[in-house]
Amino acid sequence: MKYSFFAVLFLSLSLHAEQRLMQIDTMTAFQSTDCFTMISNLGDVNGDGYPDFAVGNPCDYCVYIFLGGDSFDLYPSITIRINTIGNATFGKTVCGDDWNGDGYSDIAIGQPHWWEGGQYGIINAGKVWIYWGGPTLDTIPDLELVVGDNEQNYGWNFLFGSALGQGGDVNGDGYNDLIVGAPYDDYDAHGRAYIYFGGSEMDSIWDYRFEGSGFGEDFGYAIDIIGDVNQDSYDDFLIGNPQLDGQLAGKAFLFFGGTSISFQNSIQFNSNYGQEYEGFGRYLVGLGDINGDGHIDFGICGEGYANIYFGDSLGQNYSVEEIPAERNIGGISSLSDLNEDGYNDFSLTDYETKIYFGGNSLENFQTDSTLDYWGKPEPLGDINGDGKPEIAAICRRNERYQLAIYSFGEFSGIDSESEQITIAPLLKPAYPNPFNPSTQIVFEVPQTETVSITIYNLRGQLVTGLVNRDYPPGTYSVQWDGRDDTGKSAAAGTYFYKLDAGDFSQTRKMVYLK
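Source: prediction; values computed, not measured.

Participant: Lay out unusual backbone geometry with the relevant residues and their values.
Facilitator: Following asparagine 433, the chain continues into proline 434 via a peptide bond in cis, with omega recorded as 5°. With respect to the element layout, proline 434 can be found in the loop between strand S30 (426-427) and strand S31 (439-445). The residue after asparagine 436, namely proline 437, is reached through a cis peptide bond having omega 10°. With respect to the secondary-structure elements, proline 437 resides in the loop between S30 and S31. Even without a glycine there, the phi angle at tyrosine 61 is positive, about 60°.

Participant: Provide a residue-level description of the pattern of salt bridges, including the pertinent values.
Facilitator: Counting across every chain of the model gives 11 salt bridges. Residue arginine 81 pairs with aspartate 60 through a salt bridge whose shortest N-O separation is 3.2 Å. On the criterion of sequence distance, the pair formed by arginine 81 in strand S6 (residues 78-81) and aspartate 60 in the loop between strand S4 (52-57) and strand S5 (62-66) is long-range, its members being 21 residues apart. Through salt bridges that share partners, Asp185, Arg192, Arg209 and Glu211 make up one connected network.

Participant: How would you summarise the pairing of strand S16 (residues 236-241) if you had to cite specific residues and measurements?
Facilitator: Counting buried positions along S16 gives six out of six residues, so the element sits mostly inside the fold. The alternating pattern of S16 places Asp236, Leu238 and Gly240 and Phe237, Ile239 and Asn241 on opposite faces, both of which are buried. Judged from the four bridges that link them, strand S15 (residues 223-227) and S16 form a sheet pairing that is antiparallel. Opposite glycine 227, over in S16, you have aspartate 236 as the bridge partner. Of the strand pairs in this sheet, S16 and strand S17 (residues 251-255) are connected by five bridges, and their pairing is antiparallel. Each residue of the ladder has a partner; that of isoleucine 239, found in S17, is phenylalanine 253.

Participant: Any details on the pairing of S31? Residues and values, ideally.
Facilitator: Of all seven residues that make up S31, five are buried, and the element is covered over most of its length. Taken together, the two bridges between S30 and S31 define a ladder with antiparallel strand orientation. By the bridge assignment for S31, leucine 426 is matched with glutamate 444. Both S31 and strand S34 (residues 474-480) contribute to a ladder of seven bridges, which runs antiparallel. For threonine 439, the partnering residue across the bridge sits in S34 and is tryptophan 480.

Participant: If you had to explain the side chain of asparagine 307 to someone new, which residues and values would you point to?
Facilitator: Following the sequence through the fold, asparagine 307 ends up in strand S21 (residues 305-310). In terms of polar contacts, asparagine 307 uses its side chain to reach the side chain of asparagine 272, at 2.6 Å. At 3.2 Å, the side chain of asparagine 307 and the side chain of tyrosine 309 are in polar contact. The residues touching asparagine 307, leaving out its near neighbours within four places in the chain, are Asn272, Phe280, Phe298, Gly299, Ile300, Val320, Glu321 and Glu322.

Cut-offs applied
- Residues numbered from 1 in each chain as written.
- Predicted model: local features only at pLDDT ≥ 70, side-chain atom pairs only at ≥ 80, totals over all residues.
- Heavy atoms only, no water.
- Helix = DSSP H or I, 4+ residues; strand = E, 2+ residues; numbered from the N terminus.
- Salt bridge = Lys/Arg side-chain N within 4 Å of Asp/Glu carboxyl O.
- Buried < 20%, exposed > 50% of the residue type's maximum accessible area, 1.4 Å probe, protein only.
- Pairing = 2+ DSSP bridges.
- Polar contact = N/O pair within 3.5 Å; in protein donor to acceptor, adjacent residues only side chain to side chain.
- Contact = heavy atoms within 4.5 Å.

So, in structure tokens, the structure goes:
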């Protein structure tokens, strides 16, 4: 049975100083062949007090690490790259957590198409690379997780590393654990999931392995450690079993953590309609407490709908509400408490991304469709120290992938005459960035000002001036074609563009490619 229990709230263009999302930065892929596949909040990997995040780019065999800070911008702080057989999927999955208990978040990167044994080895066995966090980060892996075995002829097409689950301690030893999905194989695609216990000397030997029950189960397709659902001091986790290869409807399992973990101590959730290719369990996530009853809730998606499960104190009985989608579901995300009202929030993506703000009753849930056509978002925390939480999302536009950062908080809105109110001039992110051959620089002025836009190189030397004249209130755009003030093409590299308007000054960074 379908329920329409969410009160819809679209941002009005006539409101002022309203809490809302505002796009604060955008990064365009360096190359048209790049593909941004996922965003992951890593926690604080370098211990500077700011959360950090990663973006996987498997088409260029790399992962970008962005370190938070009060001068944060959307240019990778570190790029982790690997050169192995099957490297095309390095970075398809990424996650972060403190698995060795040293107080720094660590990084796990999945490479599902890695070949065990090299060119003539086990094809697509898969691998997970782990990098320890710390004050200084390097790109050398500290731990490598592999389940394929060339000598035993084991692991063909397992695609180990296709899903990663982190964020909890499932065995109660005081260290967070990592769960890795391997949803395929070359025999019957029944699928597997492996648990690796964290520890001060975490090793590469799995501690638990679970397998799907039969042909085409795709067990391990999606994984999430969702917290202590049944309040027994052990964190619990979800594993998706969408049965896509079996042409069945799909299912999912909630496993309860403890000193002994098994299917016998789990709950199975089934699809709503029992149809072929329904894909139930393809997307799932722990939502925290979205209705304020003190219990952990979670979401599991099928084709065209998402089920939201509201927990109880035993973790055994659930009320479930279905959210229908206009098209096939493309993901569900927990956004923590984005609007800081004491209720966790979440997003659901079909052809656009809707954000659902939690509330103390179903009727008080609200939606906001501000992320049109952007992919599944990821909460980042306060990455720039401005006191507002940020989220990130990716999409493909103009034949290139883009990464966008949104901040949530109270921003100037629109007055009663529907004219934008800006309390200070604003220099927006250049687009595209990186760029070749040209980029657009957009700026806003709240009142008539003498505005100058200038370009500087990394040495602080003036490259060229783009404008220097009076502008009435409004939004404007100027183009830089990569040439200096003599008309000569500038060298490829990083440049700064600066807005000066009256007593106001703002500078941003951009990258010129050749």
